[in-house]
Amino acid sequence: MAKTRKTPKTALVTGASSGMGKTIALRLIRDGYTVYVAARSVDRMQDLAAQGARPLKLDVSKDDDIRAAVDQILAETGGVDVLVNNAGFGLYGPIEEIGLDEARYQFEVNMFGPARLTQLLVPAMRAKGAGTIVNITSMGGKVYTLLGAWYHATKHALEGWSDSLRLELAPFGIRVVIIEPGLIETGFGDVAGRGVVERFGDGTYGQTARAVARITEQSYGHGRGTAPEVVANVVSRAIRSRHPRTRYVVGRYAGLMIGIRKWFGDRAFDRMIMSQMG
C-alpha cells in the first residue's frame, strides 16, 4: 500500500526583509515548512522567494494590510501552523521630546501588529487543535536602558501579553513561546545609535544622546554580538519541541543583563547603566 505524503506545515514570519526575520524564515524553509514571509518591502525578500518562500507585502501598523495577508493565507492554505511575530523596531530618544504620535506608532508596530495578526490567525489554529505562536521580544522586555523608554515599554507589554495569551490558548492545544534575544548582529545598533544623535544630539539631552550612541556603536558590529542564525536555531528547536519552554533567552548579554536586574535589583542595575555614560 502506497504511503500518503504528509502536507507540509505552514509558517508566517513577519519582519522578514532583513536580520533575524530573514534568517528565521530561511531556517524554517530548510526545516520543510511552507513559509510566508512578510514585510513592507517585497523586493527585499526576493532572495527568500528564490528559496521557495511566499512573500507578502505587510505593514503591521495597517489593519488593511494585515487583513489582506491573512485572507490570502487562509485562502491558500487554510491557516498557519506557526506564527512568528518578529517585526519591530526601536524608537530611542528622551521621553520629554518624543511626540506621542511616534510613541503610538512604536506600539502599533511592536505590540498591536502582532496582537492583530494573532487574533485573525488563532481561529484556524483552534479549529485544528494545534499551533505555535512565537513572539520575538528582547532582553529589553526585562531590562531597560537610557533613552529607550518607548521601545522597552512595547517589549515589556509584549511579554505580559504573551503570558496571558499562553494561558488562554493552552486548552486549545496552541503553544505560545517567547524569545528574548540579546545583542544580535543585525542593523539595529547602527540605526538606533545614528538616529538618536541626529535628532537629539544638540538639544537638552545631547550629552546623554551622544553617550548612548557611542555605547550602542561599540556594542554592535565588529563581531561583538551573536549571529542571527543562533536565534533562528532556537526558534526552530522550540517549534519542534513537544514541550517547549515558555521563554528562551538567547544571544550575548541577554542572560547577564536579565540576571543582574533580577538578582541585584533596580538600584544596582541603574548604577551599572549610568556607569557607562562617562
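Refer to the preceding data block for the structure.
A few words now on the pairing of strand β1 (residues 10-14). With five of five residues buried, β1 is to be regarded as a mostly interior element. Here β1 shows no split at all, with Thr 10, Leu 12 and Thr 14 on one side and Ala 11 and Val 13 on the other all buried. Crossover β1 to strand β2 (residues 34-39) through helix α1 (residues 19-30) is right-handed. Of the pairings in the sheet, the one linking β1 to strand β4 (residues 82-85) comprises three bridges and is parallel in character. Bridged to Leu 12 within β4 is Leu 83.

Bringing helix α3 (residues 63-77) into the picture now. In this model, α3 (15 residues) spans 21 Å end to end at C-alpha, consistent with the 21 Å of a helix rising 1.5 Å per residue. Every buried residue of α3 is accounted for by Asp 65, Ile 66, Ala 69, Val 70 and Ile 73. On an axial view of α3, the arc spanned by its buried residues comes to 125°, and they lie on one face. The exposed residues of α3 that point more than 90 degrees off its buried face are Asp 64 and Ala 75. Tucked inside the fold, the buried residues of α3 contact β1, β2, β3 (54-57) and α4 (100-128).

Cut-offs and rules
- Residues numbered from 1 in each chain as written.
- Predicted model: local features only at pLDDT ≥ 70, side-chain atom pairs only at ≥ 80, totals over all residues.
- Heavy atoms only, no water.
- Buried < 20%, exposed > 50% of the residue type's maximum accessible area, 1.4 Å probe, protein only.
- Helix = DSSP H or I, 4+ residues; strand = E, 2+ residues; numbered from the N terminus.
- Right-handed = clockwise from strand over helix to strand, strands pointing away.
- Pairing = 2+ DSSP bridges.
- Expected span 1.5 Å × (residues − 1).
- Arc of directions from axis to C-beta.
- Contact = heavy atoms within 4.5 Å.

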